[in-house]
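The chain contents come next:
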Amino acid sequence: MDHCDLIILGGGCAGLSLGYELAQAETRGQHIPRTIIVEPRTIYHHDRTWCFWSDNTERWTDVIAKSWSRWSFSDDSETFTQQSDTWSYVSIPADRFYLSRLSIIESSPRIELRKGLSSQSINKDSYGRFTISTGEEQISCGMIVDTRPPADLQVRQSYLFQDFAGVEIELESPGFDSQTASLMDAMQVDEWGFRFDYILPRSASRALIEATRFSKHPVAKKRLAEDLADSVKRATKGMPHQVIREESGSIPMGLPYESTFIEPNWVRAGTGGNAVRPSSGYAFLRIQDWAKQCRQHLINKGTVIGHPKDSLLSRKMDELFLGVLRKHPTDSVSLFSSLASQLPPDRFARFMTGTPLLGDYLAVIRSLPAKPFIEELIHNTPFKRNNLETTTQALQP
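Not measured: the values here are computed from a predicted model. (Residues numbered from 1 in each chain as written. Predicted model: local features only at pLDDT ≥ 70, side-chain atom pairs only at ≥ 80, totals over all residues. Heavy atoms only, no water.)

To continue, consider the overall build of the protein. Across its full length, the protein holds 11 helices and 20 strands. On C-alpha atoms alone, the protein measures out to a radius of gyration of 22 Å, which is about the 21 Å that the 2.2 N^0.38 rule sets for 397 residues. Viewed in the frame of its principal axes, the protein has a C-alpha envelope of about 65 × 55 × 45 Å. Within the protein, counting contacts between residues at least 6 apart in sequence, those at least 24 apart form 75% of the total. Mean positive and mean negative side-chain charge positions of the protein (45 and 48 charges, respectively) differ by 4 Å. (Helix = DSSP H or I, 4+ residues; strand = E, 2+ residues; numbered from the N terminus. Rg over C-alpha atoms; globule rule 2.2 N^0.38 Å. Contact = heavy atoms within 4.5 Å. Lys, Arg positive; Asp, Glu negative; His and termini not counted. Charge placed at Lys NZ, Arg CZ, Asp CG, Glu CD.)

Right, let's get into the pairing of strand β12 (residues 138–141). One ladder, built from two bridges, connects strand β1 (residues 2–3) with β12; its direction is parallel. Each bridged residue has a counterpart across the sheet, and for D2 the counterpart in β12 is I139. Of the pairings in the sheet, the one linking strand β11 (residues 130–133) to β12 comprises four bridges and is antiparallel in character. In the sheet register, T131 faces β12, and the bridge partner there is S140. (Pairing = 2+ DSSP bridges.)

As a further point, take the environment of L368. On the secondary structure map, L368 appears in the loop between α9 (358–367) and α10 (370–379). In the structure, L368 is positioned 287 residues away from T81 in sequence and 17 Å away in space, judged by C-alpha atoms. Contact partners of L368, with chain neighbours within four places excluded, come to F321, L335, S338, L339 and F373.

A word on the pattern of salt bridges. A full pass over the atoms with the stated rule returns 32 salt bridges. For E168, the salt bridge is made with R206, and the minimal N-O distance between the two is 2.9 Å. Separated by 38 residues along the polypeptide, E168 in strand β14 (residues 160–171) and R206 in strand β17 (residues 206–215) bring together distant segments of the chain. A residue is classified by how much of its surface remains accessible, and R206, at 28% relative accessible area, is partly exposed. A salt bridge links D310 to R286; its shortest N-O distance comes to 3.2 Å. You can see D310 sitting in the loop between α5 (284–301) and α6 (312–327) and its partner R286 sitting in helix α5, a full 24 residues away along the chain. Taking the relative accessible area as the measure of exposure, D310 reaches 21% and is therefore partly exposed. Members of the salt-bridge network, linked through shared partners, are D190, R195, D197, R213, R223, E226, D227 and R234. (Salt bridge = Lys/Arg side-chain N within 4 Å of Asp/Glu carboxyl O. Buried < 20%, exposed > 50% of the residue type's maximum accessible area, 1.4 Å probe, protein only.)

Distances and angles like these do not, on their own, reveal function.
Pasting the structure below:
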């Protein structure tokens, strides 16, 4: 039996972010709990990219690969471009994030990352301590931060799914506008839902291209592969290119709310702990803010905390927006086109980052087509969760 103060289940974005915050606090002379991070992976790969709007402060400079002060949206007839002097859209590739966080964590004598292990059972004794069995060993601890993915049952009840498949490519000759991030390019609606291209050029010849869909049920891999082929063809205009790497994923938007506390001293974090912004799918900044708060709570009070609950106004706005997208998918293009064309870029960035002012909320409401939102408000029907049987079938490749 091994013993520690804190176990972090999962060494992904949330688990490593908390470990990093604790290790940084230790370098400043603060006492941190003896911590073990349990991670199923044996090797960290460049498997994803985190993006968000940054207010151009000095944060994240060690891991940001590229930033854009200009971003665009387009449908089949028009392109909408926004530009800001105070906000930038930034990307953090997984390889940079992992290398940065792991190097700090592994330098700490009080934090240990154990790769190739996963929790098989968790028991609590009469003294309030937990015992985690990994199959190979047992670890006793007083606190757990559980960053494992949400259960399938919870995921299948999501309001919407944001599914994507992408490739990072290198053109044989320059062909991208490296100063503009195309966040929603070629927006359209078909029988499988709302889709668009997501293009992040790192240079004039290199870019990450993703085919993305918002839909009621997870999209089949074959469908996404066909979407991606079309997206690459559009973005490259048929120019010869080389595929550098691939990434894909499914982001549940509007998961059923789960209490962050599973038991006293055992909290959820990450996607399963309400970190994902329901209306956008963004989570990175919310995870970083939580990691700082949890670190401070551990140092000051000796206990763990989960993600803070969004304000009532934010929750209602997200629920209303997702409700319209789900019930009126054919309006998706006009909704996002209205936001892109009518909302000033700084308001747009604050709203998407989850730090809006009251005036930003009002501006968002004014910029959106009124009819579907008024209908949603009048009917005021509780949001119906996905049919589990139908969703399960949709998960098949």
